[in-house]
Amino acid sequence: MVMAAYEKRFPTCKMIPVFLGSDILSEEKSEDGARLCRERRCRLAVDAPYLLKKIVSVDCIYFIQTNTLDRRNRTLKIRAFNESFSSRVIINENCCYSVHPE
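Caption draft 1: Quick look at the side chain of threonine 75. Structurally, threonine 75 can be placed in strand β4 (residues 75–82). Judged by relative accessible area, threonine 75 falls into the buried class, the value being 15%. With sequence-adjacent residues up to four places away left out, threonine 75 is seen in contact with Thr68, Leu69, Asp70, Tyr97 and Ser98.

Caption draft 2: A look at the side chain of serine 84. Tracing the chain through its elements places serine 84 in the loop between β4 and β5 (92–98). With a relative accessible area of 16%, serine 84 lands in the buried category. The residues contacting serine 84, other than those within four sequence positions of it, are Ile61 and Tyr62.

Caption draft 3: Spotlight on the sheet that holds β4. Ordered in space as β1-β2-β3-β4-β5, the five strands form an open sheet in which the pairing is antiparallel. Each of the sheet's edge strands pairs with one partner strand only, and the pair in question is β1 (19–29) and β5. Averaged over all neighbouring strand pairs, the angle between strand axes comes to 15°, with direction disregarded. Pairing of β1 with strand β2 (residues 35–45) involves nine bridges; the strand directions are antiparallel. Within β2, the residue paired with serine 22 across the bridge is cysteine 42.

Caption draft 4: Region of the structure containing a nonpolar patch on the surface. On the surface, Leu51, Leu52, Ile55 and Val56 cluster together into a nonpolar patch covering about 400 Å² of accessible area. Considering the arrangement of structural elements, one finds valine 56 in helix α2 (residues 50–56). By relative accessible area, valine 56 is classed as partly exposed at 40%.

Caption draft 5: Expanded view of the pattern of salt bridges. Scanning all chains against the criterion turns up four salt bridges. The salt bridge partner of arginine 38 is glutamate 27, with a shortest N-O separation of 2.5 Å. Here arginine 38, found in strand β2, pairs with glutamate 27, found in strand β1; they are eleven residues apart in sequence, far enough to count as distant. Glutamate 83 serves as the salt-bridge partner of arginine 41, at 2.6 Å between the closest nitrogen and oxygen. Placement of the pair is arginine 41 in strand β2 and glutamate 83 in the loop between β4 and β5, with a sequence separation of 42 residues. On the basis of relative accessibility, which here comes to 34%, the residue glutamate 83 falls in the partly exposed class.

Caption draft 6: Region of interest: unusual backbone geometry. Even without glycine at this site, arginine 74 takes up a positive phi of about 55°. Within the fold, arginine 74 resides in the loop between β3 (60–70) and β4. Arginine 74 sits in the exposed class, given a relative accessible area of 53%. One non-glycine residue with positive phi stands out, namely phenylalanine 85, at about 60°. Its location among the elements puts phenylalanine 85 in the loop between β4 and β5.

Calculation rules
- Residues numbered from 1 in each chain as written.
- Predicted model: local features only at pLDDT ≥ 70, side-chain atom pairs only at ≥ 80, totals over all residues.
- Heavy atoms only, no water.
- Helix = DSSP H or I, 4+ residues; strand = E, 2+ residues; numbered from the N terminus.
- Buried < 20%, exposed > 50% of the residue type's maximum accessible area, 1.4 Å probe, protein only.
- Contact = heavy atoms within 4.5 Å.
- Pairing = 2+ DSSP bridges.
- Axes fitted to C-alpha atoms, helices over the stretch in contact; angles between N-to-C directions.
- Patch = residues over 30% accessible without salt bridge, like charges linked within 9 Å, V, L, I, M, F, W, Y side chains within 5 Å.
- Areas by Shrake-Rupley, 256 points an atom, 1.4 Å probe, with all protein chains shown as cover.
- Salt bridge = Lys/Arg side-chain N within 4 Å of Asp/Glu carboxyl O.

Pasting the structure below:
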């Protein structure tokens, strides 16, 4: 159920206006369907004053996100890193969602 709710934000979501869209780069599924790994290239709108966006000449930024759903272990792992400005700034995000043991 968590993954189904999470997937509704792709390729766009009206409730997240800063999220402009995404493209699937790769997708791997285990033979038994228990594991799904999907890599996306996502676009976010830059929330900055107009003049600043013109100076750096950027309207959106890109990041790569990898989602791994493991139904057997009941986990969702999300790994993301920035593609835009990667030579100047490094952003790595790692999240793991799992079912409470009780």
